Amino acid sequence: MWQLPAAARRQVALLTYGSPIERLYGRWFPAYFGPEALQGLHASVHCWRNLWRATDPIGGPVRIDEGGGPEVDRGPLRDPLVYGRTVAHPLPEPVLGHSDYQADPAFAVERAALLDRLGPELPRQATGRATGKAQGSSGRSSG
């Protein structure tokens, strides 16, 4: 995001998930990922949301002072998603930790909210021909 021209950053929605940007990079590279740098990024990006879980050993909250603007962090997300067992699902749900953020229902909700915040005047993502639904993340990104 920092490499985009300032005008382009206002036209981009950023959804990070399981991101080590503050927890890991901020500690080791504070000049690049410390509070001042992240606050500056937040001020220059039109809309940014960060999903995290307490069970994630790598990613975590970004911890940006919102200053009355839209929140960046959403979390901790529930993990596992479902507790308890049934006859249909006799095994407990796995703890996801740093995995499968895209499968969490919160991912789709936050992605749609970010796209709505971009507004109708900006180009929308192409839709898939067969389904008519917006093409989603391949799930290959590390957040």
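Residues numbered from 1 in each chain as written. Predicted model: local features only at pLDDT ≥ 70, side-chain atom pairs only at ≥ 80, totals over all residues. Heavy atoms only, no water.

(A) Here's a closer look at the overall build of the protein. When helices and strands are tallied, the protein shows five helices and three strands. Mapped in sequence order, the helices and strands of the protein form the string α-β-α-α-α-β-β-α. Going through the 143 residues of the protein one by one, you find that 33% of them count as buried. Restricting to contacts in the protein with at least 6 residues of sequence separation, those with at least 24 account for 67%. Roughly 9200 Å² of accessible area belongs to the protein as shown, and the carbon and sulfur atoms make up 57% of that amount. (Helix = DSSP H or I, 4+ residues; strand = E, 2+ residues; numbered from the N terminus. Buried < 20%, exposed > 50% of the residue type's maximum accessible area, 1.4 Å probe, protein only. Contact = heavy atoms within 4.5 Å. Areas by Shrake-Rupley, 256 points an atom, 1.4 Å probe, with all protein chains shown as cover.)

(B) Summary view of the pairing of strand 2 (residues 47-51). Extensive coverage of strand 2 is indicated by the burial of five of its five residues. Here strand 1 (residues 13-17) runs beside strand 2; their pairing, made up of five bridges, is parallel. Pairing of Thr16 across the sheet is with Asn50, part of strand 2. Inspection of the sheet shows strand 2 paired to strand 3 (residues 73-74) by two bridges, in the parallel sense. (Pairing = 2+ DSSP bridges.)

(C) Examining helix 5 (residues 105-118) more closely. Compared with the 20 Å implied by 1.5 Å per residue over 14 residues, the 21 Å span of helix 5 between its first and last C-alpha is a close match. Turning to helix 5, its buried residues number three or more, namely Ala106, Phe107, Glu110, Leu114 and Leu118. Buried residues of helix 5 fall within an arc of 110° about the axis and therefore sit on the same side. Facing away from the buried side of helix 5 by over 90 degrees, the exposed positions are Pro105, Val109 and Asp116. Buried residues belonging to helix 5 abut strand 1, strand 2 and strand 3. For helix 5, the N-terminal cap is Asp104; the gap from its side-chain oxygen to the backbone nitrogen of Ala106 is 2.8 Å. Looking one or two places after helix 5, you find Gly119, whose phi comes out positive at around 90°. (Expected span 1.5 Å × (residues − 1). Arc of directions from axis to C-beta. Polar contact = N/O pair within 3.5 Å; in protein donor to acceptor, adjacent residues only side chain to side chain.)

(D) Up close: the packing of aromatic side chains. For the structure on display, the rule yields four aromatic pairs. Geometrically, the ring pair formed by Tyr17 and Tyr101 is tilted, given 5.8 Å between the ring centres and 45° between the ring planes. Separated by 84 residues along the polypeptide, Tyr17 in strand 1 and Tyr101 in the loop between strand 3 and helix 5 bring together distant segments of the chain. Exposure remark for Tyr17: the relative accessible area of 7% places this residue in the buried category. You can call Tyr101 buried: its relative accessible area is 2%. Taking the centre distance of 5.2 Å and the plane angle of 85° together, the rings of Tyr17 and Phe107 count as edge-to-face. You can see Tyr17 sitting in strand 1 and its partner Phe107 sitting in helix 5, a full 90 residues away along the chain. Taken as a pair, Tyr17 and Phe107 share a single burial class, namely buried. Taken together, the ring pairs connect Trp2, Tyr25 and Phe33 into an aromatic cluster. Here Arg53 stacks its cationic end above the ring of Tyr101, 4.0 Å away from the centre of that ring. (Phe/Tyr/Trp six-rings, centres within 6.5 Å; stacked < 30°, edge-to-face > 60°. Lys NZ or Arg CZ within 6 Å of the ring centre and 35° of its normal.)

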